[in-house]
Amino acid sequence: MQIYTLKNKSIEVDFIARGGQIISIKVPDAEGNIADVVVGYDTIDQTLDGDAYFGALCGRYANRIVKGEFEIDGEKFQLDCNNEQNHLHGGFDGFNLRNWEVRPVELEEYVQAFQLSLTSEDGDQNYPGKLEVSVIYGLTDDNQFVIEYEAETSKPTVINLTSHPYFNLNGAGNGSAMNHELLLNASNYTPISAELGTTSGEIVSVKDTPFDFTTAKSVESACNVDHEQINMIDGIDHNFVLDDFDGTVKLAGVLSDPKSGRKMEVYTDQPGIQIYTGAHFNGSEIGKQGALIIQCAGIAMETQIFPNSPNYEHFPNAILRPGEKYKHVCVYKFC
Ligand code: BGC
């Protein structure tokens, strides 16, 4: 499997066509020491056999749809339920498992860029409509790794694309990312219902909860609080509602590692960001540097609409119709 590389003066991003999986992002610290800051594996063979969400493009609907059910214009659809009773990240054969067509493209704003394309046929994983997806991976000279998504459909469908790297700014394989500090421009979050296995549909203020990252604090300090929502999933696996959403690209959050001094800013035009502290990693797998992939080996920051949006009228619109264009920008900027 070929490795594609985006490179500027200081950082390097490597990915493969399978799932568009970002397999490494090499970033210097202030002294110029390079670390690979995404959780993954040392070899391509391990990558292909391992957790196929690592660094991957997720779709057609990233995150969960309760019982895989939704309705458009009165018509009911039933998707695969690949996550207990729910549909997760596009189903058993999500976009993370597809071989994307990759070609280099020249775009003014990027030092280097690739376009990744995918056709998802009408009825794919039971989703209606043929969906044509284009994703740009671009790297700027000021260390912004930009992901630009576009999609068009032949019939009304639901869509929510995202990218799924887990970041450890001290270097993947160098222990837990729990010490990282997180800032989120989110005054509200969407709590989880244990019964539904995903958001209850409520939008709740983060004030006086461990989910208040409106000023930076360590992820650990939130995960250590005895709080029903933290206890339920042994950490954070929640969607945060970004403030002042208006469809333009804005700062969503900042992740920083006090140990190495590396810092990453996340920008998006999406209304939400899923923060996942990797509760399901249990040290049973060997990852980069031959180290076990332990709990919170990295933190995922997935820009998107909210989980289960197709079933909640007051959540962002998940429906894409023929003639419309789905657009989404996510920027990971290394500072
Ligand atoms: C979800 C987790 C899920 C993980 C799978 C994340 O985006 O929020 O609940 O276990 O993906 O890799």
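Further up the page is the structure itself.
None of these values were measured; they are calculated from a predicted model. (Residues numbered from 1 in each chain as written. Predicted model: local features only at pLDDT ≥ 70, side-chain atom pairs only at ≥ 80, totals over all residues. Heavy atoms only, no water.)

A. Representation of the overall build of the protein chain within the structure. Each helix and strand counted, the protein chain has three helices and 29 strands in total. Here the C-alpha atoms of the protein chain give a radius of gyration of 19 Å, agreeing with the 20 Å that 2.2 N^0.38 yields for 335 residues. Here the C-alpha coordinates of the protein chain stretch approximately 60 × 50 × 40 Å along the principal axes. Here the analysis covers contacts within the protein chain between residues at least 6 apart in sequence; of these, 67% occur between residues at least 24 apart. Split by element, the accessible area of the protein chain, about 13500 Å² in all, is 46% carbon and sulfur. Taking the average location of the 23 positive side-chain charges in the protein chain and that of its 49 negative ones, the two points are 3 Å from each other. (Helix = DSSP H or I, 4+ residues; strand = E, 2+ residues; numbered from the N terminus. Rg over C-alpha atoms; globule rule 2.2 N^0.38 Å. Contact = heavy atoms within 4.5 Å. Areas by Shrake-Rupley, 256 points an atom, 1.4 Å probe, with all protein chains shown as cover. Lys, Arg positive; Asp, Glu negative; His and termini not counted. Charge placed at Lys NZ, Arg CZ, Asp CG, Glu CD.)

B. Layout of the environment of Ile-72. Within the secondary structure, Ile-72 is located in strand E7 (residues 69–72). Taking C-alpha positions, Ile-72 is 30 Å from Tyr-267, a pair spaced 195 residues apart along the chain. For Ile-72, the residues in contact, after removing those within four places along its chain, are Phe-77, Pro-156, Thr-157, Val-158, Ile-319 and Arg-321.

C. Representation of the environment of Leu-183 in the model. Looking at the element boundaries, Leu-183 is found in strand E17 (residues 181–184). Distance in space between the C-alpha atoms of Leu-183 and Thr-214 is 5.8 Å, their sequence separation being 31 residues. Once residues lying within four places of it in the same chain are set aside, the contact partners of Leu-183 are Phe-213, Thr-214, Thr-215, Ala-216, Ala-252, Gly-253 and Val-254.

D. Inspection of the nonpolar core at higher detail. By size, the foremost hydrophobic cluster in this structure holds 61 residues, and its most contacted members are Ile-25, Tyr-137, Phe-145, Phe-240, Met-301 and Phe-334. In terms of residue count, strand E12 (residues 131–139) provides more of this core than any other element does, five residues in total. Once residues lying within four places of it in the same chain are set aside, the contact partners of Ile-25 are Glu-12, Val-13, Ala-35, Asp-36, Val-37, Val-38, Phe-145, Phe-167 and Phe-334. Among the nonpolar cores identified, the runner-up in size contains ten residues, and Ile-65, Phe-70, Ile-72 and Leu-79 belong to it. (Core = buried A, V, L, I, M, F, W, Y, C linked by side-chain atoms within 4.5 Å. Buried < 20%, exposed > 50% of the residue type's maximum accessible area, 1.4 Å probe, protein only.)

Just distances and angles here, no functional claims.
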